[in-house]
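# Tertiary structure, described
One-letter residues, chain by chain:
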Amino acid sequence: MFRLHAEANPRDTAVFATSVRAQFSGKDIAIERTPRISERDVVAVYPYSTGNGTYGALFQLDDHGRLALDALSIERRGSLLFVFINGRPITELEIDQRVADGKIYIASGLTAADIESMKKDWRLIGQKKR
């Protein structure tokens, strides 16, 4: 499972938003219940070891995911994106510029089991399509 949730308006009702604790600020932040990008939008991944026992990865999105990320990066500049992998909060990303290339970089926080699961679902970046 790969999900990207955008920061929501804190006045949104529980139907549209839920609260999570931000890892870096420690504040409770409202996020949209429906993910903007999911595992269905990923076509390839490039995992790597960080050297401290965790892994990071670069995710390549399909056309739908690329357009969704591009629009999100324009509409929500200055807000946060929350990344969840297999139901766990992995990181939060600040939208500070337009992202039109359809790539999402997760620096660390993934486990070896996460990487093995990803290799089963998606091709590695640089490999030919399955």
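Just so you know, these numbers come straight off a predicted model, no measurement behind them.

## Some thoughts on the pattern of salt bridges
The final tally for this structure, using the stated rule, is 8 salt bridges. Here Asp-63 and Arg-66 are joined by a salt bridge, their closest N and O atoms 3.8 Å apart. Taken together, the residues span about one helical turn, with Asp-63 and Arg-66 both in helix 1 (residues 63-75) at a distance of 3 residues. Residues Lys-119 and Glu-116 are paired through a salt bridge, measuring 3.8 Å at the closest nitrogen-oxygen approach. Separated by 3 residues within a single helix, Lys-119 and Glu-116 lie in helix 2 (residues 112-121), roughly one turn from each other. Judged by relative accessible area, Lys-119 falls into the partly exposed class, the value being 37%. Using a relative accessible area of 43% as the deciding quantity, one classes Glu-116 as partly exposed. Each of Glu-32, Arg-36, Glu-75 and Arg-76 takes part in a single network of salt bridges with overlapping partners.

## Some thoughts on the sheet that holds strand 9 (residues 103-110)
On the basis of which strands lie adjacent, the open sheet formed by 4 strands has the order 9-6-5-10 and mixed pairing. Looking at the sheet topology across the chains shown, the edges are occupied by strand 9 and strand 10 (123-124). Relative to strand 10, strand 5 (residues 42-49) runs parallel, the two being bridged by 2 bridges. Among the inter-strand pairings, Val-45 is bridged to a residue of strand 10, identified as Leu-124. Here helix 1 sits on the sheet in contact with strand 6 (55-61) and strand 9, set at roughly 100 degrees to strand 6.

Quick notes on the rules
Residues numbered from 1 in each chain as written. Predicted model: local features only at pLDDT ≥ 70, side-chain atom pairs only at ≥ 80, totals over all residues. Heavy atoms only, no water. Salt bridge = Lys/Arg side-chain N within 4 Å of Asp/Glu carboxyl O. Helix = DSSP H or I, 4+ residues; strand = E, 2+ residues; numbered from the N terminus. Buried < 20%, exposed > 50% of the residue type's maximum accessible area, 1.4 Å probe, protein only. Pairing = 2+ DSSP bridges. Contact = heavy atoms within 4.5 Å. Axes fitted to C-alpha atoms, helices over the stretch in contact; angles between N-to-C directions.

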